[in-house]
Amino acid sequence: MSIITNSIFSPELAARFDKLVTLYPVKRSALIPMLLYAQDEVGYISEAVVQEIAKRLDLFDLDVRSVLSYYSMLRTKPAGKFNIQVCTNISCMLRGGYEILDHCKAKLGIGHKQVTPDGHFSLEEVECIGACCWAPAMQVNYDFHEELTPAKVDEVLADYASRKAGK
Amino acid sequence: MPRLVSHPEEAIVLKRRWGQGAADIDKYIALDGYKAVQNAIAKGMEAMPGWIIDTMKASGLRGRGGAGFPTGMKWSFVPKTSPKPKYVLVNGDESEPGTCKDHVIFREDPHSVVEGTMIAGLAIGAKMGFIYLRGEYRYLLNIVEKAVADAYAKGFLGKNIFGVEGLDFDIVTQTGAGAYEVGEESALMESLEGKRGVPRIKPPFPAVVGLYGGPTVINNAETIASAPHILLMGGPEYAALGSERNGGTRLFGISGHVERPGVYELPMGYSLRKAIYEVGGGIKGGKQLKAVVPGGASCPVLRADEIDVGLDFDQMGKAGTMLGSGGIVVLDETVSIVEFALRTIKFYQHESCGWCIPCREGTDWIKKTLTRVYLDGGQKKDIDNVQYLAENMMGRTFCPLGDAAAMPTLGFVKKFRKEFEDYIEGKKAGTPLMTTESEHELAGAAH
């Protein structure tokens, strides 16, 4: 049984969190994974997420917000269902990363950190994602897409456009 | 999916199990997996730590994260007895631009990291290890989590591992959430303790006061993954593969303007020229080489006439740069160094955690100044200003991020000063890669 009654998370995630806090010598160590997993489910870190996580870890809301503001993957506003993250760091830049970013902007009609009106896609220019030898690369949510060309981006985007929702 | 590459010049140790489905525990075991850790245990509890550490020392293995500290020595610094629990922390927060080797290790051979973590733990007398992966590597975290779960199911982890009474070892996997700075070992510990990833002052070093205040060994994932191979083949045998004081092999990620980018395993001390022209297949499209960033974005650039150097920590140091994380980024003749320098500092400015003022302000002012130069508003004194700013960041911060930003900047402005001067006079070298829209973003310093 969850220590929290009326959890805002799904029973599966609540159970996962109950276990997660027991793994570490100090409960607070679970904070960053919890924030990320909560974001995966809720879509962003809402005030309710901050409050429940703080409660689960015996922290002040402020402690959670202070950590939340540090990590670039954590967001306090919803992104698209599919968040397109295009790397433009050095290895990707040399092999056309900016071309890929501009192609995504034109194709989706949105800029950096913007969301399409239907909420299906969002776009971000990101720093190195660790796919340097398969550049240029991007991530859609957590999935890597590598050795991109504008034509390959079109295929990838068309695939996600046809998906209803999900991760 | 990362495309695996190979080349006849490679010396295969770490890559031995790649492409063979070794993420599956039975496959890993069939390929001599979990044999090294059992060999160590077979030495008996008394002799085991000394045997592991002596073998690691003899191997000449130096930290693959970038600093190149001898691994065996690092493990030997951990006090034998400690009132607080000891820990092993594996740094898989791979974020140095140009570096993607740990990505492939986690994907192709996750059990080598699990086994290496156990070996490090047995060497220092820890009962718990953490494997920390950057948040972007979620699919890899899933692979590593399954590897850990499978090892528990076999009785290789948990209580009485391998059936040895009283021998316990647990591994917890952890995800980050996007922060380059967390790749720095003390910031990594802060992050694992659930805090903002800001660095701690040293001393005390983690080997004495680390995670949760206990003695902690922190190693890069590649370093840890090397340990089982070293125990199996023998320290001196591993050392003999490399160069003087630089034992063994390491993974080099060759990226940028080469015909065959990829992660290759080469002997330490291997020629940088051959790495680019033979292993990497030469410059893409038959163009000329302009420069190389030899070990991840933080390493000072080498000009095309400076690549006759061996890829080890000492030779690269003598050449005025660093071996770093082994990420070799190749720039052809079309690259504008002014633009490349700007893109590099833009990264460090974005990633500076803001804890130390020289880094927080220095990266910002260098970026602002180089942006002005890039957007045709530069003056010659801007080059001196950039150099002055970078020189005053060096060594004045808690962690090496300040140095990591200053060193490549100094490399660019010193080695390509003429190109900066010409640029300011309107004679621009190279073809721009950042697009107009991005220039607006740069001008607004928005990221």
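Computed from a prediction, not measured in an experiment: that's the story for all the values here.

Break down the environment of Q20 of chain B for me, citing the residues and quoting the values.
Residue and element names in this part refer to chain B. Its location among the elements puts Q20 in the segment before α1 (25-30). The partly exposed category is assigned to Q20, around which 14 C-beta atoms lie within 10 Å. In this structure, Q20 is in contact with K27 and L31, ignoring residues within four places of it in sequence.

Provide a residue-level description of the interface of chain A and chain B, including the pertinent values.
Counting from both sides, the interface comprises 38 residues of chain A and, opposite them, 57 residues of chain B. Breaking the side of chain A that touches chain B down by element, the ones donating at least two residues are α2 (31-42), α4 (61-68), α5 (90-94) and α6 (97-108) of chain A. The element best represented in the side of chain A that touches chain B is α2 of chain A, accounting for five residues. Grouping the constituent residues of the side of chain A that touches chain B by class yields 27 nonpolar, eight polar and three charged.

Any details on the packing of helix α13 (residues 337-351) of chain B against helix α14 (residues 357-374) of chain B? Residues and values, ideally.
Residue and element names in this part refer to chain B. Close contact between α13 and α14 brings their axes to 9 Å; oriented N to C, the two are set at 150 degrees. In terms of orientation, α13 and α14 fall into the roughly antiparallel class. For the pair α13 and α14, the crossing hand works out as left-handed. Along the contact surface, α13 presents V338, E339, A341, L342, I345, K346, Y348 and Q349, while α14 presents T363, D364, I366, K367, L370, T371, V373 and Y374. When grouped by side-chain class, the residues that make up the contact of α13 with α14 number nine nonpolar, three polar and four charged.

An account of the pairing of strand β2 (residues 128-133) of chain B is requested, with residue identities and associated values reported.
Residue and element names in this part refer to chain B. Counted residue by residue, β2 has six buried out of six residues, so it is predominantly covered. Side chains M128, F130 and Y132 project from β2 onto one buried face, and the interleaved G129, I131 and L133 project onto a second face that is buried too. Where β2 meets strand β3 (residues 170-175), six bridges bridge the pair, whose relative direction is parallel. Within β3, the residue paired with F130 across the bridge is V172. Traced from β2 through helix α7 (residues 138-153) to β3, the parallel crossover comes out right-handed.

Criteria and cut-off values
Residues numbered from 1 in each chain as written. Chains lettered and ligands numbered in written order. Predicted model: local features only at pLDDT ≥ 70, side-chain atom pairs only at ≥ 80, totals over all residues. Helix = DSSP H or I, 4+ residues; strand = E, 2+ residues; numbered from the N terminus. Buried ≥ 20, exposed ≤ 12 C-beta atoms within 10 Å, placed from the backbone. Contact = placed C-beta atoms within 7 Å. Nonpolar A, V, L, I, M, F, W, Y, C, P; charged D, E, K, R; others polar. Axes fitted to C-alpha atoms, helices over the stretch in contact; angles between N-to-C directions. Parallel < 35°, antiparallel > 145°, perpendicular 65-115°, else oblique. Left-handed = near helix turned anticlockwise from the far one by under 90°. Pairing = 2+ DSSP bridges. Right-handed = clockwise from strand over helix to strand, strands pointing away.

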